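# Coordinates in review
What follows is the residue order along each chain.
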Amino acid sequence: MARGCGLALASIAAFSAVLVTGVALFRSSEPTDVVMAVLIAPLILCGIVVGHDVFRRRALAAEEQRLLARERDHVRRTVDLVMDPALTGEERLAVLDCFIPRLAHDHPGVRERFVAVSELSPPSRALLERARQAVTTVHSSQVMRRRLLDGLANEVLLPRQIWEIAMLLRAQTHLQDEQHGARQGVVTAELLAVLEPQQEALNRSVAAVTARVEGLERYARRVQEADAALRAREALDNNDKYRALLAHTDDADGMRALAAHGDALEETLARSVREAIEAGQTLAP
């Protein structure tokens, strides 16, 4: 607003300068000079007007971008979302815009590409949280950071698993609400004949999703075991100190046992990482 007022004042000042210059030329110059000044003055004024409009539009656009950035940041901080991992960067921003009231109707095509956690039933939210926690465990593990696991598969597979689980949970929540609504009032044998097979199908779906979440948790547990083996392998590097201690006490049997334990631990680490990778492969559809 202040910038727009400044530009308007600058335009008035420029117009006044042109007017004063024209009067001065009329009094002190030849008629041809006055004619030229009269012809050039509108061009100068047009340039000032155009420049003022350009700067005003740029200022408004910059302010809009700042406002939009604040609104999107607020959505990120306050709305728990699961987005389709296949969304592009622009599509992800369009999802955030769906939660900005003034922009909510501008992106109808992305509504099916995200799940708002708040729309899930409490049991469904609990299942989703378990799945997310398992994925967080995998991504934050030492074996993942050290690239001992199949990092590319985890980066693609795990987000897809969370997305598919969230979509199924949303559908289940909707059908559970339908079942609850249909059972309000008098429930006849005919109504039960329709609802019970539907409820059975819903229960089977819930059991299947629960099994998928448990599969993620088993994978996360394997990864944790591989992490524990990795920590043990790092602790194994200290064996030289203990060998020196045993050497000073002439304990040959203890030194042989320590060496054998180290060899066994190497195999344990390799097996733990191998089992973690195999557990991850079972998640693939």
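Here, the structure is the one placed above.
Here we summarise the structure given alongside this text.

Definitions and limits used
- Residues numbered from 1 in each chain as written.
- Predicted model: local features only at pLDDT ≥ 70, side-chain atom pairs only at ≥ 80, totals over all residues.
- Heavy atoms only, no water.
- Helix = DSSP H or I, 4+ residues; strand = E, 2+ residues; numbered from the N terminus.
- Buried < 20%, exposed > 50% of the residue type's maximum accessible area, 1.4 Å probe, protein only.
- Contact = heavy atoms within 4.5 Å.
- Areas by Shrake-Rupley, 256 points an atom, 1.4 Å probe, with all protein chains shown as cover.
- Core = buried A, V, L, I, M, F, W, Y, C linked by side-chain atoms within 4.5 Å.
- Salt bridge = Lys/Arg side-chain N within 4 Å of Asp/Glu carboxyl O.
- Polar contact = N/O pair within 3.5 Å; in protein donor to acceptor, adjacent residues only side chain to side chain.
- Expected span 1.5 Å × (residues − 1).

### Observations regarding the overall build of the protein
A tally of regular secondary structure across the protein gives 9 helices and 2 strands. Listing every helix and strand of the protein by position from the N terminus yields α-α-β-α-β-α-α-α-α-α-α. Across the 285 residues in the protein, those meeting the buried criterion constitute 28%. Sequence separation of at least 24 residues holds for 70% of the intrachain contacts in the protein that already meet a minimum separation of 6. Summed over its atoms, the accessible surface of the protein is roughly 18100 Å², and 61% of this surface lies on carbon and sulfur atoms.

### Focus on the nonpolar core
Membership of the largest hydrophobic core comes to 27 residues, with the highest contact counts inside it found for Val82, Leu128, Ile162, Ile165, Leu169 and Leu216. Mapped onto this core, the elements with two or more residues apiece are helix H4 (122-139), helix H5 (142-145), helix H6 (151-182) and helix H7 (189-236). Among the elements that make up this core, the one with the highest residue count is H7 (8 residues).

### Regarding the pattern of salt bridges
Scanning all chains against the criterion turns up 15 salt bridges. Ionic pairing is found between Glu64 and Arg102, a salt bridge with its closest N-O pair at 3.1 Å. Placement of Glu64 in helix H2 (residues 31-78) and of Arg102 in the loop between helix H3 (89-97) and strand E2 (114-116) is noted, with a sequence separation of 38 residues between them. Measuring nitrogen to oxygen at the nearest pair gives 3.3 Å for the salt bridge that ties Asp84 to Arg160. Residue Asp84 is located in the loop between strand E1 (81-83) and H3, and its partner Arg160 is located in helix H6; the two are separated by 76 residues in the primary sequence.

### Here we look at the environment of Asp84
On the basis of relative accessibility, which here comes to 8%, the residue Asp84 falls in the buried class. Expressed as a C-alpha distance, the spacing of Asp84 and Phe114, which sit 30 residues apart in the sequence, is 5.9 Å. At 2.9 Å, the side chain of Asp84 and the backbone nitrogen of Ala86 are in polar contact.

### What to know about the environment of Ala69
Position of Ala69 relative to the elements: it lies in helix H2. Each C-alpha atom of the pair Ala69 and Leu93 lies 10.0 Å from the other, and the pair is 24 residues apart in sequence.

### A word on H4
Between its terminal C-alpha atoms H4 stretches 26 Å, which fits the 26 Å expected from 18 residues at 1.5 Å a residue. Considered for burial, the residues of H4 that qualify are Ser124, Leu127, Leu128, Ala131, Ala134, Val135, Thr137 and Val138.

### Re the environment of Val75
Summarising the element assignment, Val75 is placed in helix H2. Taking the C-alpha atoms as reference points, Val75 and Ile100, 25 residues apart in sequence, are found 7.7 Å from one another.

Nothing here speaks to function; it is all geometry.
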